[in-house]
Amino acid sequence: MIQKTVKDAKEAVADIASGAFLMMGGFGLCGIPENCIEALLEKGISDLTIVSNNAGVDDFGIGLFLKKRMVKKMISSYVGENEEFERQMLSGELEVELLPQGTLAEKIRAGGAGIPAFFTPAGVGTEVAQGKETREFDGKPYLMERSFISDFSLVKAWKGDTAGNLIYKGTARNFNPMMAAAGRITIAEVEELVPVGTLDPNQIHTPGIYVQRIFQGNKYEKRIEQRTLSV
Amino acid sequence: MIQKTVKDAKEAVADIASGAFLMMGGFGLCGIPENCIEALLEKGISDLTIVSNNAGVDDFGIGLFLKKRMVKKMISSYVGENEEFERQMLSGELEVELLPQGTLAEKIRAGGAGIPAFFTPAGVGTEVAQGKETREFDGKPYLMERSFISDFSLVKAWKGDTAGNLIYKGTARNFNPMMAAAGRITIAEVEELVPVGTLDPNQIHTPGIYVQRIFQGNKYEKRIEQRTLSV
Amino acid sequence: MLTKEQIAQRIAQEVKHGQYINLGIGIPTLVANYIPRELDVVLQSENGLLGIGPFPYESEVDADVINAGKQTITMLPGSAIFDSAESFAMIRGGHVHLTILGAMEVSEHGDIANWKVPGKMVKGMGGAMDLVASAKMIIVAMQHCSKDGHFKLLPSCTLPITGVRCVKKIVSDLAVIEIAPEGGFILKERAPGVSVEEIKSKTAGKLLILDKVPEMQFN
Amino acid sequence: MLTKEQIAQRIAQEVKHGQYINLGIGIPTLVANYIPRELDVVLQSENGLLGIGPFPYESEVDADVINAGKQTITMLPGSAIFDSAESFAMIRGGHVHLTILGAMEVSEHGDIANWKVPGKMVKGMGGAMDLVASAKMIIVAMQHCSKDGHFKLLPSCTLPITGVRCVKKIVSDLAVIEIAPEGGFILKERAPGVSVEEIKSKTAGKLLILDKVPEMQFN
């Protein structure tokens, strides 16, 4: 097997420079690459274009990038819960492209899969359709959507082995597998890094072929946005 | 959970009639729905259109359908290793549509995923491109391929629960997951049927939403085509 | 006038045995509480889960198990986890039978607006555009008028729309309404104590009264 | 003239550390036996496996673990299993670096034919069309001429093609050849004891001799 291990987040993101096109896994704060985010904050780069379903909250996740004005453009499906985001967007400091969540997921999946474009019914007749080709199949209209490929994809998994095979836990999986496949360079941070042969080949969610660098994260806060309990 | 259990293969395929459009999982003889095949042989229907990567061998798998002249059209990527197939094809008794394996897999995946069409580089400039739209993206030509949806998908898994969740083993997975998603009715046969709550939600390969009927197969021969050994 | 809970309760009467259902944030989430136990249904969460269970007890909380509203939840026996591409493959492919979601406006042709107020609020569409473009049955849970008395059931939407001609049914605090295939809000049921006249006066789009309009029944 | 094993051995010299590789059926499969152990590479099988191991011992045989040639195989530590859509996502997406496959004909522009002989043989293209349309590096393993002396390296293919302008390199029983970007077979190496003249006489397409043509080296 090809060994992909790097020492830590700092080494993993060393060559990410200002202006890079990044994908970052996670849904809300669930399954986000916390250690890579911290390492990028320390580097202090800027003009990033980031594909991420959400934009974090004001004081965690991608929200921290926004505070430091590191982001030129966000490509997301839902960006509520973030005041600084809204301020930068409304003032025009931040470029924002909003896409239907399924379209976003599929554009990323297509990028990793070598499919340059596909058709989806989502967004037909809405603002999202502006500038896009509409075409009928079997009497129903669809939009043509192009695929996304990133310079770097930053993903977070539960377990990973040194060959880059990844297993996610619960709904922390979300966008991580597609982003792993759609990165020219994919950096995976994991809660537990294990030797090859430890993970069941039948249960790998992201095969190692998609991962160029892997490391075990220092710590995970895993902040909860809506702690909702049964009483 | 919604219960999907039926008694056996006979009950599962009871409403499959002549002229149906079927998808059948498997690569070679690996991961084929042996019990459904047997039940369909007994029904003796005909004029079937079958999407399957291969066409079995003369005396096992889909080869048995061919012997009984049950098949009108095969849609496959590779049909070697089957003399009766070759005879029927060359004599014109059997219609055959050959597709690149990745195109076949993706047409099925797209069908299940509500994507009516997508672009692929496979087959550009070849016979496969005849009658299909060719289009350039970023200076490279691609073919537009339409998706497939079946009347019935017959898939085979290792374990399944009564809600239709499936887990495959080894390379017997192959086309089964996409076909499960692309069937108007999907029938899953499994080596072991277990109660809900037995399978780890993180390790489900086919979520039960795609499966309408499930049963435990009577027996599995699992014939090996090329028994190749280290000595 | 119905409370939010009553709107949810009335919508729950639309649920059928064997359905896979996606519930939006807000009132739709409450519907889960009123689905009769004898019906086997499965709730889908578009962030990647089939089989949403109740909220966890304190000791069960798992930051890695949330719903699309980012609330901590539990999984049921028979649940399955998948990635976002698979989740929307399910939705887009028509495998989810019923979508219940909120709306800011609905037009008499079934157009829905619920993701943007230009210049004021842009949170994004999340999965709503995929859901309304794909599900066979789309029910909207909403207040019939806005708090300041603006119409929300309109001849055509004034806000940027989420989807075209997709809503089949509306349950508001005042009424149960179906969208006529040729356009128009068909008044099917009144909230207890609410008159047809009141509903008429609070509906800007074409209201069709084809029949007697019974009061909603709750059990 | 090289044996099949020697063709495989020569091709193995093209393999680089860290590559993911798809080996076709026949001679390409043999390449695995000659990849230097100090190189870490991973073999992909398009039926859904990364990390092909050696053939199993009798006691290890598992009908559920086969390669694309339907041969029983084993998995290595670090292997991963996936479905066919994912497998070709990998291939189409350019994640597989090197594809080695057989051919019935190759044109001087790098077109390849290997799936059909009209009226005689139609086994199908399997994964070959996806592989040649996608991999960055495509090496063909083939006999320089057919058994009955027909040319196989041609100005243009006479058989239905598998892919257009995709082959980068050919290793035959006589020679190592590269396809010139502007067209033509660049003769890079000769099989031990084979003359440039012989290769010339057995190549129908334009043969380019840009330099001295050394004999292949085997260690």
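Look up: the structure comes first, before these words.
Residues numbered from 1 in each chain as written. Chains lettered and ligands numbered in written order. Predicted model: local features only at pLDDT ≥ 70, side-chain atom pairs only at ≥ 80, totals over all residues. Heavy atoms only, no water.

**Thoughts on the overall build of chain C**
A count of helices and strands for chain C gives five helices and 15 strands. Relative to the compact-globule value of 17 Å for 219 residues, chain C shows a C-alpha radius of gyration of 17 Å, a close match. On the principal axes, the C-alpha backbone points of chain C span a range of 50 × 40 × 30 Å. A sequence separation of at least 24 residues applies to 62% of the contacts in chain C between residues at least 6 apart. Separation between the mean location of the 21 positive side-chain charges and that of the 24 negative ones in chain C comes to 6 Å. (Helix = DSSP H or I, 4+ residues; strand = E, 2+ residues; numbered from the N terminus. Rg over C-alpha atoms; globule rule 2.2 N^0.38 Å. Contact = heavy atoms within 4.5 Å. Lys, Arg positive; Asp, Glu negative; His and termini not counted. Charge placed at Lys NZ, Arg CZ, Asp CG, Glu CD.)

**Some details on the state of the cysteines**
Per the counting criterion, the structure on display carries zero disulfides over all chains. For Cys-157 of chain C, which is in no disulfide, the shortest distance to another cysteine sulfur is to Cys-166 of chain C and amounts to 9.0 Å. (Disulfide = S-S within 2.5 Å.)

**Looking at the packing of aromatic side chains**
A complete count under the given rule lists seven aromatic pairs over all chains for this structure. Taken together, a centroid distance of 6.1 Å and an interplanar angle of 45 degrees make the contact between Phe-119 of chain A and Phe-119 of chain B tilted. Placement of Phe-119 of chain A in strand E5 (residues 117–120) and of Phe-119 of chain B in strand E5 (residues 117–120) is noted, with the two residues assigned to different chains. Each member of the pair, Phe-119 of chain A as well as Phe-119 of chain B, carries the same accessibility label: buried. Through a chain of ring-to-ring contacts, the aromatic side chains of Phe-119, Phe-137 and Tyr-142 of chain A together with Phe-119, Phe-137 and Tyr-142 of chain B assemble into a single cluster. Across the ring face of Phe-148 of chain A, the terminal group of Lys-107 of chain A is positioned such that the distance to the ring centre comes to 4.7 Å. Directly above the aromatic system of Tyr-220 of chain B lies the positively charged group of Lys-156 of chain B, at a separation of 5.0 Å from the ring centroid. (Phe/Tyr/Trp six-rings, centres within 6.5 Å; stacked < 30°, edge-to-face > 60°. Buried < 20%, exposed > 50% of the residue type's maximum accessible area, 1.4 Å probe, protein only. Lys NZ or Arg CZ within 6 Å of the ring centre and 35° of its normal.)

**Some thoughts on the interface of chain D and chain A**
On the side of chain A, 21 residues touch chain D, which itself brings 25 residues to the contact. When the area that chain D buries against chain A is broken down by residue, the three leading residues are Tyr-20, Gly-78 and His-95 of chain D, summing to 28%. Linking chain D to chain A there are zero salt bridges. Applying the counting criterion to the chain D and chain A interface returns eight residue pairs in polar contact (both at pLDDT 80 or more). When contributions to the side of chain D that touches chain A are tallied by element, the ones reaching two or more residues are strand E3 (49–52), strand E4 (75–81) and helix H3 (84–92) of chain D. The greatest single-element share of the side of chain D that touches chain A, amounting to seven residues, is contributed by E4 of chain D. Partitioning the side of chain D that touches chain A into residue classes produces 15 nonpolar, seven polar and three charged. (Buried area = accessible area lost by both parts, 1.4 Å probe. Salt bridge = Lys/Arg side-chain N within 4 Å of Asp/Glu carboxyl O. Polar contact = N/O pair within 3.5 Å; in protein donor to acceptor, adjacent residues only side chain to side chain. Nonpolar A, V, L, I, M, F, W, Y, C, P; charged D, E, K, R; others polar.)

**Considerations on the sheet that holds strand E7 (residues 112–113) of chain C**
All names here are of chain C. Strand order in this open sheet of three strands is E7-E6-E11, and the pairing throughout is mixed. Strands at the two margins of the open sheet, each flanked by one partner only, are E7 and strand E11 (153–154). Pairing between strand E6 (residues 105–107) and E7: two bridges, direction antiparallel. Looking at the pairing, Glu-105 lines up with Ala-113 of E7. (Pairing = 2+ DSSP bridges.)

**Details of the sheet that holds E4 of chain D**
Residue and element names in this part refer to chain D. Spatial strand order, E4-E3-E2-E1-E5-E10-E12-E13-E14-E15: 10 strands in an open sheet with mixed pairing. Both edges of this open sheet fall to E4 and strand E15 (207–208), since each of them pairs with a single strand only. Sheet analysis places strand E5 (residues 98–102) next to strand E10 (residues 137–142), joined by five bridges and oriented parallel. In the sheet register, Thr-99 faces E10, and the bridge partner there is Ile-138. Across the face of the sheet, helix H1 (residues 4–12) comes into contact with E5, E10, strand E12 (169–172), strand E13 (175–179) and strand E14 (185–190) while running at roughly 165 degrees to E10. Set on the sheet, H3 makes contact with strand E1 (20–23), strand E2 (42–45) and E3; between it and E2 the angle comes to about 125 degrees. (Axes fitted to C-alpha atoms, helices over the stretch in contact; angles between N-to-C directions.)

**Quick word on the side chain of Lys-107 of chain A**
Residue and element names in this part refer to chain A. In this structure, Lys-107 sits in helix H5 (residues 101–112). Residue class for Lys-107 comes out buried when judged on its relative accessible area of 5%. A distance of 3.1 Å separates a polar side-chain atom of Lys-107 from the backbone oxygen of Arg-146. When neighbours within four sequence positions are excluded, Lys-107 is seen to be in contact with Leu-99, Phe-118, Glu-145, Arg-146, Ser-147 and Phe-148.

**Describing the packing of helix H5 (residues 101–112) of chain B against H3 of chain D**
The contact between H5 of chain B and H3 of chain D brings their axes to 9 Å, and the two run at 125 degrees. Between H5 of chain B and H3 of chain D, the angle is such that the two are oblique. Viewed along their axes, H5 of chain B and H3 of chain D form a crossing whose handedness is left-handed. Residues Gln-101, Gly-102, Ala-105, Glu-106 and Arg-109 of chain B of H5 of chain B pack against Ser-84, Ala-85, Phe-88 and Arg-92 of chain D of H3 of chain D. (Parallel < 35°, antiparallel > 145°, perpendicular 65-115°, else oblique. Left-handed = near helix turned anticlockwise from the far one by under 90°.)

**Digging into the side chain of Asp-161 of chain A**
Tracing the sequence through the fold places Asp-161 of chain A in strand E8 (residues 150–161). An unpaired buried charge is present at Asp-161 of chain A: no salt bridge exists, and Lys-4 of chain A, the closest side chain of opposite charge, is 7.8 Å distant. A distance of 2.9 Å separates a polar atom in the side chain of Asp-161 of chain A from the backbone nitrogen of Ala-163 of chain A. Within the local environment of Asp-161 of chain A, its side chain forms a polar contact with the side chain of Asn-165 of chain A, the two groups lying 3.0 Å apart. The contacts of Asp-161 of chain A, once residues within four sequence positions are left out, are Leu-193, Val-194, Pro-195, Val-196, Leu-199 and Ile-214 of chain A together with Gly-78 of chain D.

**Notes on empty space enclosed by the protein**
Enumeration according to the criterion identifies 12 cavities of 30 Å³ or more in this entry. Taken as a whole, the largest cavity spans an internal volume of roughly 830 Å³. Lining the largest cavity are 41 residues, and of these His-205 of chain B, Asp-83 and Glu-86 of chain C together with Asp-83 and Glu-86 of chain D lie nearest its centre. Of all the elements in the fold, those that place two or more residues in the lining of the largest cavity are H5 and helix H6 (176–181) of chain A, H5 and helix H6 (176–181) of chain B, helix H3 (84–92) of chain C together with H3 of chain D. The wall of the second largest cavity is formed by 15 residues, among which Leu-29, Cys-30, Gly-31 and Arg-223 of chain B together with Ala-63 of chain D lie closest to the centre. Looking at the lining of the second largest cavity residue by residue, the classes come out as seven nonpolar, one polar and seven charged. (1 Å grid on protein atoms, 1.4 Å probe; cavity = no way out; pocket = protein on both sides within 12 Å on 5 of 7 lines; lining within 4 Å. Points joined across faces, edges and corners; volume = space filled by probe spheres on them.)

**A short note on the pairing of strand E2 (residues 42–45) of chain C**
Residues and elements named next belong to chain C. Of the two faces of E2, the one holding Val-42 and Gln-44 and the one holding Leu-43 and Ser-45 are both buried throughout. Bridging between strand E1 (residues 20–23) and E2 involves three bridges; their strand directions are parallel. Looking across to E2, one finds that Ile-21 is bridged to Leu-43. Connecting E2 to the antiparallel partner strand E3 (residues 49–52) that follows it, the hairpin turn spans three residues, and Gly-48 within it adopts a positive phi of roughly 125 degrees.

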